[in-house]
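Understanding the architecture of this molecule
Below are the chains, spelled out letter by letter.
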Amino acid sequence: MGVTGHKIANIRAYVVSGGGGDYHDQEEEHWIVKQIATPMSIYPEYKQTRTSFGINALKTLVVEVEADNGETGFGVSTGGWPAAWIVMNHLDRFIEGQPVENIEKMWDQMYKGSLFYGRKGLVMNAISAVDLALWDLLGKLRDEPVYAMIGGKVREEQPCYATGPRPDLAKDMGFIGGKMPLTYGPDDGEPGLRKNIKRAEEMRNHVGDDFWLMWDCWMALDLPYAQKLMQKSAELEFKWVEECFNPDDYWAYRDLKKRAPNNILVTGGEHEATRYGFRMLLEFCDIDILQADVGWCGGLTELIKIGNLAESYGKYVIPHGSGIYSYHYVMTKTNSPFAEYLMMSPKADKVVPQFYPLLEGEILPENGKVKMNDKPGFGVELNRDHLAAVQKD
């Protein structure tokens, strides 16, 4: 039966619309779906909003696992209906009937059992959600927070930077820095580049010299454009340029890092998955900060391995978004000295829960810092309104 004496009796998958894990599933007045440089910006019909090309098409995936004593745990990712189908019609066989603490074995079987069509994307999102649910369940059964089960806190509070279009407001809220979405990409030519730099100059003047500023480039750039943006931004003491390229273009990341001035970092990995992909970013590209998303890269089980690998290279792991799921990880790692907070208010003018309205009890930064509580599992509850269950075929 295992050391807890419990096995997993059931696994369930749900799809949710309107916020939640798919934080891009917002109304069009929200900053996160307005004009931002993307790989689709080269097409005029898909340039003005990110919802126009379907960034919110997949919706939120929720996976719930139930032990034989009725206790439940849940995890959240994106992937919606197709990922939920994978959970209920393939991954379920590796979960039901297992001792609840066999998380490593279950992860390995889900990953190897789906290699022939998985490795990244939807399948890894599904595996991540299952993995987070398993950790949540184990914590509840042991009456321990997840951070305690994976090593304990190395600090009592975690500084955060804020992602959104208003770093000046983020500074007033106590955050250590602000990461801005890039508005204009290569298709906008030199005039667009000048507009980006003008905005950067204005924001630097607003926040002063000591506040961090960064660019989120969301896979939109080519190497020549990224070099120009990086050089100009370095002159303004920007801290990094993030996710400039197609995530499979390791060669562009390698070349950008080689050409980077000493005062600016090259970061990425938001859309990378598993220790194997991040090994490429470390060994081949030598990027400065890995930004794995715990809901996409393979879950907490895999993020721990990615983080240990990065530590051996002397690199930081600052997970992308992920809210409470990231906080439990970064509080245990010395090479994760700060965290990201996504400004999910429509105008980026106040601190609100990232997964609203899906999670109840989310920990929020106060004066730009996060402090953990001792609630078991990930310490949040599931708002069951609007959950659409997915059945086995």
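Look a little higher up for the structure.
So, a few notes on the structure that sits alongside this text. (Residues numbered from 1 in each chain as written. Predicted model: local features only at pLDDT ≥ 70, side-chain atom pairs only at ≥ 80, totals over all residues. Heavy atoms only, no water.)

1. Some words on empty space enclosed by the protein
Note the following rule: In this analysis a 1.4 Å probe is tested at points of a 1 Å grid over the protein atoms alone, and where it fits but cannot get out there is a cavity; an open set with protein on both sides within 12 Å along at least five of seven lines is a pocket; lining residues have an atom within 4 Å of a point. Grid points are joined across faces, edges and corners, and a volume is the space filled by probe spheres set on the points. Secondary structure counts use DSSP, requiring at least four H or I residues in a row for a helix and at least two E residues in a row for a strand, with both numbered from the N terminus. As a working rule, the residues Ala, Val, Leu, Ile, Met, Phe, Trp, Tyr, Cys and Pro are called nonpolar, Asp, Glu, Lys and Arg charged, and the rest polar, with Gly in that last group.
Applying the stated criterion across every chain, the model contains 4 cavities of 30 Å³ or more. When its volume is computed, the largest cavity comes out at roughly 140 Å³. In terms of lining, the largest cavity is formed by 16 residues, of which the most central are His24, Arg50, Thr163, Asp216 and Trp218. Looking at the lining of the largest cavity, the elements with two or more residues in it are β5 (177–181) and β11 (339–342). The element that contributes the greatest number of residues to the lining of the largest cavity is β5, accounting for 3 residues. Its residues assigned to classes, the lining of the largest cavity shows 8 nonpolar, 3 polar and 5 charged. By volume, the second largest cavity is sized at about 100 Å³. Forming the boundary of the second largest cavity are 14 residues, of which Val76, Asp293, Gly295, Trp296 and Phe355 lie nearest the centre. The leading source of residues in the lining of the second largest cavity is strand β3 (residues 72–78), at 3 residues. Residue classes in the lining of the second largest cavity are distributed as 7 nonpolar, 6 polar and 1 charged.

2. Some points on the side chain of Glu64
The line we're drawing: Polar contact is the term for a pair of N or O atoms within 3.5 Å; when the atoms are in protein, one must be able to donate a hydrogen and the other to accept it, and sequence-neighboring residues count only if both atoms are side-chain atoms. In what follows, residue pairs with any heavy atoms lying within 4.5 Å of each other are defined as contacts.
Mapped onto the elements of the fold, Glu64 is located in strand β2 (residues 60–67). At 2.3 Å, the side chain of Glu64 and the side chain of Arg384 are in polar contact. The contacts of Glu64, once residues within four sequence positions are left out, are Asn10, Ile11, Arg12, Tyr14, Thr72, Gly73, Phe74 and Arg384.

3. Examining the pattern of salt bridges
Where side chains of opposite charge bring their charged atoms close, a pairing between them can arise. Defined as follows: Salt bridge, as applied in this entry: a Lys or Arg side-chain nitrogen positioned within 4 Å of an Asp or Glu carboxyl oxygen. The buried label applies to any residue whose accessible area, calculated with a 1.4 Å probe on protein chains only, is under 20% of its type's maximum; exposed applies above 50%, and partly exposed to all values in between.
Going through the model one piece at a time under the given rule, you end up with 24 salt bridges. In this structure, Lys120 and Glu272 form a salt bridge, with 2.9 Å as the shortest nitrogen-oxygen distance. Placement of the pair is Lys120 in the loop between α2 (103–113) and α3 (121–142) and Glu272 in the loop between β8 (265–268) and α9 (274–285), with a sequence separation of 152 residues. We classify Lys120 as partly exposed; its relative accessible area is 35%. In this structure, Asp168 engages Arg166 in a salt bridge whose closest nitrogen and oxygen atoms are separated by 2.8 Å. A relative accessible area of 16% means that Asp168 is categorised as buried. Judged by relative accessible area, which is 36%, Arg166 ranks as partly exposed. Three or more residues joined by partner-sharing salt bridges are found here, namely Arg12, Glu64, Glu66 and Arg384.

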